[in-house]
Number of protein chains: 2
Amino acid sequence: MRRTDRLFEILQLFRGGRSWRGRDIAERLEVSVRTIYRDIDTLVASGVPIDGERGVGYLLREPIFLPPLTLNIAELEALHLGMEMVRQSADVELADAAGRLLDKIDAVLPSDRAGRDHLGEMSVYAGGGGATLEHLAELRRAVAGRQRVDIGYQRLDGQRSTRRIRPLHIEYWGRVWTLTAWCEWRDGFRVFRIDRISAVGPGSGRFAAEPGKDYAAFLVQMEGKGASR
Amino acid sequence: MRRTDRLFEILQLFRGGRSWRGRDIAERLEVSVRTIYRDIDTLVASGVPIDGERGVGYLLREPIFLPPLTLNIAELEALHLGMEMVRQSADVELADAAGRLLDKIDAVLPSDRAGRDHLGEMSVYAGGGGATLEHLAELRRAVAGRQRVDIGYQRLDGQRSTRRIRPLHIEYWGRVWTLTAWCEWRDGFRVFRIDRISAVGPGSGRFAAEPGKDYAAFLVQMEGKGASR
DNA sequence: ATTCAACTGACAGGATGCTGTCAGTTGAGA
DNA sequence: TCTCAACTGACAGCATCCTGTCAGTTGAAT
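Residues numbered from 1 in each chain as written. Chains lettered and ligands numbered in written order. Predicted model: local features only at pLDDT ≥ 70, side-chain atom pairs only at ≥ 80, totals over all residues. Heavy atoms only, no water.

Colleague: Hey, could you go over the protein's contact with DNA strand C for me, with residue numbers and the actual values?
Modeller: Of all residues adjacent to DNA strand C, which total 16 residues, the nearest are R21 of chain A together with R6, T35, R38 and R54 of chain B. In DNA strand C, the atoms that sit within 4 Å of the protein are 54% sugar and phosphate, with bases accounting for the remainder. Measuring from a base oxygen of DNA strand C, one finds a side-chain N or O atom of R34 of chain A at 3.2 Å. Separating a base nitrogen of DNA strand C from a side-chain N or O atom of R54 of chain A is a distance of 3.2 Å. Of all elements in the fold, only α3 (33–45) of chain A together with α1 (3–15) and α3 (33–45) of chain B reach the threshold of two or more residues within the surface near DNA strand C. A class-by-class count of the residues in the surface near DNA strand C yields three nonpolar, two polar and 11 charged. (Near = heavy atom within 4 Å. Polar contact = N/O pair within 3.5 Å; in protein donor to acceptor, adjacent residues only side chain to side chain. Helix = DSSP H or I, 4+ residues; strand = E, 2+ residues; numbered from the N terminus. Nonpolar A, V, L, I, M, F, W, Y, C, P; charged D, E, K, R; others polar.)

See below:
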């Protein structure tokens, strides 16, 4: 096997997410362990974020590897605009991630294209303040992990309530984030504005998808009502 | 010079934007033209979009080159979310560029991370329809190129007018796009909602930045009025 | 202090890649 | 049809890189 092919194979092993000892990689790829140590050195030197620890092995610190890409001007502008939109309108975790991604991009662009003023004569004012979205990140995780949660909610008329819900889907409407959920106490679908959710707590574990109470069923129900989305 | 260093130098030459003949590159890097033909073949084979034509030379079809990058999960989510926001809320040019960028990313991701459903249990509904933003792209260009334009505008009360303006800045507010301009007929700053601009025409060429009539002056004036942004 | 596995530096030998040259091909223009 | 520059295939010779081995180092655990 040629060296460049082997380097690629090592990256594919690491992409799987687990850690690998040098000796194990050597056996797998049928070379000496000395060769694997050199290969890992080469990958690290070219920027691949590999962590290694005696007794533990090696693994990729950041699992998503993008090979060299070429973009045109409009694609770079779209990237800058989109990251600014996320920085201002999503939760702090996604906003920070967008910022880090821009930093990575800026670090490798020529100096005439990098830098803070990457939007030129455009500005984004889409923020609603971090506080109103303090629960977005954990709700995203609850949706992804199919975890019931108990939420504290404050309706427009000021009335407060608590609900035990199955969070099904999150929507972004340009200024407002909403959560579509199945409410176990009202036994029906409800849509909550995330900026009015005042508390999120654990709500008795995970839930299984149940026909008639999932997001697909919600969409069918909404179509029946003729609601325009 | 080692070959890999020379390949990098060739990329740097192309990043300058002009075209280069094989013979000129060979002279510059002090190797034979045969070697340069091999180098260009190698760059093309690894995905660099180089165009070549007899008598013209070689140049980079897409001038922005990103070397290998590694991202974590949140950064990839931010990227997907941001590109979807652009696709739905910006003009067709930026929306298409965002789509192409996502296609490029998906093409190089492992299959478990690529694909259309990249937002998982989130949706973006930030579109206002392409028609209302039909002038955004040309206004972006007018701002960038400091070109006066004549616009047809329809105010909220239905009244229509035409204005000759110096377009200074574009703002995105989460649902609405606005254009900040110096209106030459009213001799003052005005802010126009881009979805209410019904026509854009050439407006007697370029304008020079004029103290008191640029975007910085506008911001000072807005601060004076205590307006909250 | 000792042990053991992970890791590194140095070396020899082999393998692979690279370069310039040259004859030939290609394509556009006259 | 001819000319000319851009480009390619083939070749020999050289240069560089890669690999496995082995002695030594390192660091954690005992």
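Colleague: Quick rundown of the domain arrangement of chain A? Include the residues and the values.
Modeller: With domains assigned, chain A is organised as domain 1 (3–60), domain 2 (68–125) and domain 3 (130–224). The distance between the C-alpha centroids of domain 1 of chain A and domain 2 of chain A comes to 32 Å. (Domains from an automatic or database assignment.)

Colleague: Account for the protein's contact with DNA strand D, with residues named and values stated.
Modeller: Taken together, 16 residues lie around DNA strand D, and R6, T35, R38 and R54 of chain A together with R21 of chain B are the ones closest in. Of what DNA strand D places within 4 Å of the protein, 54% of the atoms are sugar or phosphate. Elements with a contribution of two residues or more to the surface near DNA strand D: α1 (3–15) and α3 of chain A together with α3 of chain B. Of the residues that constitute the surface near DNA strand D, the class distribution is three nonpolar, two polar and 11 charged.

Colleague: An account of helix α7 (residues 215–224) of chain A is needed here, citing residue identities and associated values.
Modeller: Since there are 3.6 residues in each turn of an α-helix, residues three or four apart along the chain are aligned in direction. Residue and element names in this part refer to chain A. The set of residues buried in α7 consists of Y215, A217, F218 and M222. Down the axis of α7, the buried side of the element spans an arc of 155°, and every buried residue falls inside it. Of the exposed residues in α7, the ones pointing more than 90 degrees away from its buried face are V220, E223 and G224. Taken together, the buried residues of α7 touch β7 (160–172), β8 (177–183) and β9 (188–193). (Buried < 20%, exposed > 50% of the residue type's maximum accessible area, 1.4 Å probe, protein only. Arc of directions from axis to C-beta. Contact = heavy atoms within 4.5 Å.)

Colleague: Describe the side chain of E62 of chain B, and please don't skip the residues or the numbers.
Modeller: Mapped onto the elements, E62 of chain B comes out in the loop between β2 (57–60) and β3 (64–66). Looking at E62 of chain B, the relative accessible area reads 16%, which means it is buried. A distance of 3.1 Å separates polar atoms of two side chains, one belonging to E62 of chain B and the other to K104 of chain B. Beyond its immediate stretch of four places on either side in the chain, E62 of chain B contacts T70, L71, N72 and E75 of chain A together with P49 and K104 of chain B.

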